[in-house]
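# Observations on the three-dimensional arrangement
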Amino acid sequence: MMKKIYSNIYSFNKKTLKKTIKYLKRGNIASLPTETVYGLAGNAYSESAVKKIFKLKKRPLKNPLIIHYFNLKNIKKDVILNKYFFRLYKKFSPGPITYVLKKNKESKIKSIATANLSTIAIRFPSHNIIRKILKHANFPLAMPSANFSSSLSPIKAQDVFDEFKKKISLIIDGGQSKFGIESTVIDLTEKPKILRPGIISSKDIKKCLNITLSKKKSIIKSPGMLKKHYSPGIPVILGKKPTNVNHAYIVFGKRFSNKTNYFNLSKKGNLKQAAANLYKTMRKIKNLGYKKIFVVNMPNIGPGIAINDRLTRASK
Ligand code: TXA
Ligand code: MG
């Protein structure tokens, strides 16, 4: 039998649930699974916990964190709700969508968590483990993706360990994240506007709200969305085919053969499946030692919009 040398990855049960809540309550940081990507969670009411998150991720303080809740019960003191929020919440939450709302003055959320903005991004994740933790904790969780700022988000416990090693002492294993790409972020403080595309598409949102969405460039634009992001650590070249077998080629659909350097995001041409495989595939390519990633043009519809958004940023 192989001897475990070091592991900070825990499976989830009643005992680890208790341990995790106690640990977070004291202001420590844990990595927890969600249906989108794994997060780096800290008590949003604790200044020191929030500071630890920024430090661990090497995240610029001007990039605000998403605050995660179990349900509507505790959010009224933190944000000002509106009709768009209620409609979207009813349809899509819990699930992979984040709402930017005006901050309530009485909110106990540490202002460093929201980069001193007058808004808060809130999300109600659906993964059963994070739901249980949020249900039993009496505080919301500030939780960015569990990766160093600008690198690829993790979609399994081992990805988090590979990135942070012993810097995080509690990682909860919740299997592979179902969606594999970060939540859709929508600004609801004025005319609804998508700040970060995700699996829940603008089409889904328009249909639910029965309005058109704003395309205006807003001042508070997700600050983290401005620069290079989601980088696998090697060059990513879009819309071109590699001329060399030492370069990987990310493809999509059944018209591609099974060459060793070809990596198909979805043979059957399913964009949701392609999104779920995107980060996994880029990590695999990097670990296999390829020096460059070429990517075929992906359809720019539905989840394809989110895929193209991440690919474009990865190629910067
Ligand atoms: O799926 C997800 O949303 C994951 C899981 C862990 O929940 N979290 C995540 O967090 O992706 P993070 O920190 O990696 O990305 C949060 C995004 C950033 O682009 C940030 O700028 C934006 O949300 N954001 C947070 N608060 C905001 C606010 N008040 N106004 C505008 N954008 C905000
Ligand atoms: Mg992130």
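Small disclaimer: the values here were computed from a predicted structure and weren't measured. (Residues numbered from 1 in each chain as written. Chains lettered and ligands numbered in written order. Predicted model: local features only at pLDDT ≥ 70, side-chain atom pairs only at ≥ 80, totals over all residues. Heavy atoms only, no water.)

### Re helix H8 (residues 303-314)
- Taking 1.5 Å per residue, 12 residues should reach 16 Å; H8 reaches 17 Å between its end C-alpha atoms and fits that length.
- For H8, the elements touching its buried residues are strand E11 (193-196), strand E12 (236-238), helix H7 (271-287) and strand E15 (293-295). (Helix = DSSP H or I, 4+ residues; strand = E, 2+ residues; numbered from the N terminus. Expected span 1.5 Å × (residues − 1). Contact = heavy atoms within 4.5 Å.)

### Quick word on the environment of Lys166
- Following the sequence through the fold, Lys166 ends up in the loop between helix H5 (157-164) and strand E9 (171-173).
- For Lys166 and Val37, which are 129 residues apart along the polypeptide, the C-alpha to C-alpha distance reads 20 Å.
- In contact with Lys166, other than residues within four places in its own chain, are Tyr6 and Asn8.

### Topic: the domain arrangement of the protein
- Here the protein is partitioned into domain 1 (9-209) and domain 2 (236-314).
- Centre-to-centre separation of domain 1 and domain 2, based on C-alpha positions: 27 Å.
- Between domain 1 and domain 2, the contact holds 18 residues from the first and 14 residues from the second.
- Across the domain 1/domain 2 interface, buried area totals approximately 1400 Å², and carbon plus sulfur atoms make up 62% of it.
- When residues of domain 1 are sorted by the area they lose upon contact with domain 2, Leu152, Ile181 and Pro197 head the list and together hold 36% of the total. (Domains from an automatic or database assignment. Buried area = accessible area lost by both parts, 1.4 Å probe.)

### Side note on the site of ligand 1
- Taken together, 26 residues surround ligand 1, and among them Thr36, Arg59, Asn63, His68 and Ser183 come closest.
- In this structure, Arg59 approaches ligand 1 through a side-chain N or O atom, which is 2.9 Å from an oxygen atom.
- In this structure, Asn63 approaches ligand 1 through a side-chain N or O atom, which is 2.8 Å from an oxygen atom.
- Burial of ligand 1 by the protein chains amounts to 98% of its free accessible area of 690 Å².
- The class makeup of the residues in the shell around ligand 1 is 13 nonpolar, nine polar and four charged. (Near = heavy atom within 4 Å. Polar contact = N/O pair within 3.5 Å; in protein donor to acceptor, adjacent residues only side chain to side chain. Areas by Shrake-Rupley, 256 points an atom, 1.4 Å probe, with all protein chains shown as cover. Nonpolar A, V, L, I, M, F, W, Y, C, P; charged D, E, K, R; others polar.)

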